[in-house]
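Chain by chain, the residues:
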Amino acid sequence: MRRIILPILLCLGLTVGVMAQQPKDVMKDPIPVAMFQATYAFHIPGLDTKKLYGISHNIGGSFVYKTESNWLFTANGNYIYGTKLNIDRVQIFGEGITTDVGEIIGSAGSFTTLEINQRGLFFQGEVGRLFPLGPNPNSGFFVQAGLGYLRSRIRVDYPVTMLNNPYQVDGDYKYGYDRMRGGPALHLEVGYLLLSDTRLLNASVSFEVNYARTRDLRDYDFRVFTNSETGVMEPVGPTDPHKRYNDLYYGIRVTWNIPTYQRQPEEYYYN
């Protein structure tokens, strides 16, 4: 619990400290600023990721501190979701519980309605540098790199009814088919940050690459396939604890920044 509470208190204390300072003019001076971010990313899969998943989306939030010398320190968390998989239902569930066309027959004896999607989480810390270019010294191109943890899985859901439930993938059984894997991740990002004295014009656009070295997080794979040599159906069985995957996501991220500095008052001149 202390590991969670202490970083939160540190971030809040840093934010209050920045807000308590007499603000400089963001349009004229490089200033230290703490920012909260709401982000969205569009990702294309690569390497081992594209064997399972198609295009995915990423939403999340971040806390960023920019120093007066334009160094960037970021902590963020992201939720990954996608609706496209690059494998069919027989590959997802195996031959043991599906028909020839990949359908699962429910308790009422008819095909069930399944929603099969990608889900995941990504947490990371980053360090970067802003290179001023644009309307003020606090805007410009930036480069960031960081380390984190990435996890992904196949999510299976269905309408809950009393008539045709797919008990083959109900409850804990679905965990034997979700291919959950996770591991340490590397993040690289290049983009442009715009800060101004109005809260509406504080945004960034960037290109990013996320690479993770992952492993299976389930001990057993429930899928069953026909052995081409013997003609006998055999389970995939225990997962290999030493096997590693190279997961890659790359794409565009759009961020809306909520800075903590105060807007500068308008200047008036009197004769």
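We now turn to the structure provided with this report. (Residues numbered from 1 in each chain as written. Predicted model: local features only at pLDDT ≥ 70, side-chain atom pairs only at ≥ 80, totals over all residues. Heavy atoms only, no water.)

Before going further, it helps to spend a moment on the overall build of the chain. Helix and strand counts for the chain come out as two helices and ten strands. The helix and strand sequence of the chain, counted from the amino end, reads α-β-β-β-α-β-β-β-β-β-β-β. Expressed as a percentage of its 271 residues, the buried residues of the chain come to 41%. Approximately 15,300 Å² of the chain is accessible, and the part contributed by carbon and sulfur atoms is 62%. (Helix = DSSP H or I, 4+ residues; strand = E, 2+ residues; numbered from the N terminus. Buried < 20%, exposed > 50% of the residue type's maximum accessible area, 1.4 Å probe, protein only. Areas by Shrake-Rupley, 256 points an atom, 1.4 Å probe, with all protein chains shown as cover.)

Bringing the pairing of strand β1 (residues 33–47) into the picture now. Summarising the sheet, β1 and strand β2 (residues 56–66) pair through eleven bridges and their orientation is antiparallel. Bridging from a neighbouring strand, Thr39 pairs with Gly60 of β2. Taken together, the 13 bridges between β1 and strand β10 (residues 245–259) define a ladder with antiparallel strand orientation. Bridging across to β10, Ile44 finds its partner in Tyr250. (Pairing = 2+ DSSP bridges.)

Time to look at the pairing of strand β6 (residues 181–194). Across 13 bridges, the pairing between strand β5 (residues 140–157) and β6 is antiparallel. By the bridge assignment, Arg151 is partnered in β6 with Gly182.

Pairs can form between side chains of opposite charge once their charged atoms are near each other. For the coordinates displayed, the defined rule picks out seven salt bridges. With its nearest N and O atoms 2.7 Å apart, the salt bridge here joins Asp247 to Arg181. Of the two residues, Asp247 sits in strand β10 while Arg181 sits in strand β6, which places them 66 residues apart along the sequence. Taken as a pair, Asp247 and Arg181 share a single burial class, namely buried. For Arg253, the salt bridge identified is with Glu208, shortest N-O distance 2.8 Å. Of this pair, Arg253 sits in strand β10 while Glu208 sits in strand β7 (residues 203–216); the two residues are 45 residues apart in sequence, bridging distant segments of the chain. Assigned by exposure class, Arg253 and Glu208 land together as buried. (Salt bridge = Lys/Arg side-chain N within 4 Å of Asp/Glu carboxyl O.)

Quick look at the sheet that holds β10 now. Paired through backbone hydrogen bonds, the strands of a sheet run either parallel or antiparallel to each other. With antiparallel pairing, eight strands are arranged side by side around a closed barrel as β1-β2-β3-β4-β5-β6-β7-β10. Between one strand axis and the next, the sheet turns by 25 degrees as a mean value, whatever way the strands run. (Axes fitted to C-alpha atoms, helices over the stretch in contact; angles between N-to-C directions.)

Counting 21 residues, the largest nonpolar core has Phe93 and Ile154 as its most contacted members. Within the residue set of this core, elements represented by two or more residues are α2 (89–93), β4 (115–132) and β5. Here the element with the most residues in this core is β5; it accounts for three residues. Counting eight residues, the second largest nonpolar core, distinct from the first, contains Met35, Val64, Leu72 and Phe142. (Core = buried A, V, L, I, M, F, W, Y, C linked by side-chain atoms within 4.5 Å.)

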